[in-house]
Structure formats: structure tokens, C-alpha cells
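# Structure at a glance
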Amino acid sequence: MATIFVLNGPNLNMLGRREPGIYGGKSLEEIGEECRTAGREAGLSVDFRQSNHEGILVDWIQEAADSADGIVINPGAYSHTSIAIHDAIRAAGKPAIEVHLSNIFTRETFRHHSHISPVAVGVICGLGPTGYILAIAAIKQVIAARG
Ligand code: DQA
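So, here's what we can say about the structure. The structure displayed is predicted, hence computed values, not measured ones. (Residues numbered from 1 in each chain as written. Predicted model: local features only at pLDDT ≥ 70, side-chain atom pairs only at ≥ 80, totals over all residues. Heavy atoms only, no water.)

The next point concerns the site of the ligand. Neighbouring residues of the ligand: Arg18, Tyr23, Asn74, Gly76, Ala77, His80, His100, Leu101, Ser102, Ile104 and Arg111. Contacts to the ligand include His100, whose side-chain N or O atom sits 2.8 Å from an oxygen atom. Separating an oxygen atom of the ligand from a side-chain N or O atom of Arg111 is a distance of 2.9 Å. In isolation the ligand has 330 Å² of accessible area, and contact with the protein removes 99% of it. Taken together, the residues that form the shell around the ligand break down as four nonpolar, five polar and two charged. (Near = heavy atom within 4 Å. Polar contact = N/O pair within 3.5 Å; in protein donor to acceptor, adjacent residues only side chain to side chain. Areas by Shrake-Rupley, 256 points an atom, 1.4 Å probe, with all protein chains shown as cover. Nonpolar A, V, L, I, M, F, W, Y, C, P; charged D, E, K, R; others polar.)

Quick look at the nonpolar core now. Val6, Phe48 and Tyr132 are the most contacted members of the largest nonpolar core, which has 21 residues in total. Of all the elements in the fold, those that place two or more residues in this core are strand 1 (2-8), helix 2 (28-42), strand 2 (44-50), strand 4 (96-100) and helix 5 (130-146). What Tyr132 contacts, discounting residues up to four positions off in sequence, is Val6, Asn8, Leu12, Ile31, Cys35, Phe48, Asn74, Val99 and Leu101. With 18 residues, the next largest nonpolar core counts Phe5, Leu7, Ala88 and Val119 among its residues. (Core = buried A, V, L, I, M, F, W, Y, C linked by side-chain atoms within 4.5 Å. Buried < 20%, exposed > 50% of the residue type's maximum accessible area, 1.4 Å probe, protein only. Helix = DSSP H or I, 4+ residues; strand = E, 2+ residues; numbered from the N terminus. Contact = heavy atoms within 4.5 Å.)

As a general point, the strands of a sheet are linked pairwise by backbone hydrogen bonds and lie either parallel or antiparallel. The five strands are arranged 2-1-3-4-5 in an open sheet whose pairing can be described as parallel. Each edge of the open sheet is held by one strand with a lone partner, namely strand 2 and strand 5 (122-125). For this sheet, the mean inter-axis angle between neighbouring strands, taken without regard to orientation, is 20 degrees. Note: strand 3 (residues 70-74) against strand 4, three bridges, orientation parallel. For Ile73, the partnering residue across the bridge sits in strand 4 and is Glu98. Helix 2 rests against strand 1 and strand 2 of the sheet, and its axis sits at about 165 degrees to strand 2. (Pairing = 2+ DSSP bridges. Axes fitted to C-alpha atoms, helices over the stretch in contact; angles between N-to-C directions.)

By the burial criterion, the buried members of helix 4 (residues 83-92) are Ile85, His86, Ala88, Ile89 and Ala92. For helix 4, the arc enclosing every buried residue in end-on projection is 165 degrees, short of the 170-degree limit, so these residues lie on one face. Facing away from the buried side of helix 4 by over 90 degrees, the exposed positions are Ile83, Arg90 and Ala91. Packing partners of the buried residues in helix 4 comprise helix 3 (54-67), strand 3 and strand 4. Two to three positions downstream of the cap, the backbone nitrogen of Ala84 sits 3.4 Å from a side-chain oxygen, assigning the N-cap of helix 4 to Ser82. (Arc of directions from axis to C-beta.)

Mapped onto the fold, Ser79 is located in the loop between strand 3 and helix 4. A relative accessible area of 0% means that Ser79 is categorised as buried. Polar contacts involving the side chain of Ser79 include one to the main-chain carbonyl oxygen of Gly76, which spans 2.5 Å. Dropping the residues within four chain positions of it, Ser79 is found in contact with Glu98, His100, His113, Ser114, His115 and Ile116.

The next point concerns the pairing of strand 4. For strand 4, a buried count of five out of five residues is recorded, marking the element as mostly surrounded by other parts of the structure. Regarding the hand of the β-α-β motif, the stretch spanning strand 3, helix 4 and strand 4 is right-handed. Sheet topology note: the strand 4/strand 5 ladder contains four bridges and is parallel. Its bridge partner lying in strand 5, His100 is registered against Cys125. (Right-handed = clockwise from strand over helix to strand, strands pointing away.)

As C-alpha cells, this is what we get:
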């Protein structure tokens, strides 16, 4: 069974309480449960994690190089700043899909650029928690196509 790491960056542990007009009312725990259910239905093992710390996200991406077949990542604000996460995804050599709950292109200009997008096989934004479910379905296809 393929294993997918679903990684979440800073402040995403605040979902449900944090700017619900932008990020919606669901907690990260609820989104995690939906991802695990989607994984089970797709025959994938989903390992869902969150950290507020850049280095921990880098550690997990390095772990994915050995222990996962693909990565779904919402890097939060680190999307816009982190060359370390960019480098880690490149080095891991596993397909990664970038997800944002909000449509970053309709927001402040500092959110319009992501350091992660150039090393992602695809990017989903603006669809709320559905973006995670779509990313899990997509990463399954990417893994199958790569054999
Ligand atoms: C986010 C968008 C980022 O710009 C922001 O810093 C976040 C969440 C999203 O899911 O929409 O923390 O990644």
C-alpha cells in the first residue's frame, strides 16, 4: 500500500478559529480525518501531520524520501519564504502536490509567489479542505504513472 505524507505548516493548527471567513470553519483534526478516510477509500495510507517549525517540516520531507511514496503539503506562510522546504522537496525525489485552502492569488501580493510551486508536480488553491481530497486522488495517479 502506498504511503502519503500530508504535511501542514505554521498556524494551520489554528484552523476553525483562525480567520474562518478565509479558511473556513473546519478544524485541522477534521480535515485530517477526511484525508485519512479518502486515503482508506483510495487504498492509500495517509500520515497527516502539522508543525509550526520550518526545520521539522524539512525533517519530515527528508523522512518522506525513505518512508513515503508521495507528499501533499500545505506549507502555510513558509510557501512564500522557504528555500529550505523547496530544497528538501527537490532532494526527496518524491512527487509533491502543494495545497492552499485559500486562493492565494486573490489575496495580498506577498502571497502570490510560492517557493514550493516550482518543485511541486501540481498546485491546488482556493477550494478549501476539498483541495486536500483532490490532491490525495491526484498523487495516487502520479505515483501509479511513475510506477
Ligand atoms: C495558506 C495560505 C498562506 O498564504 C497562509 O500563510 C497560510 C495558509 C492557505 O492554506 O490558504 O497560512 O497556505
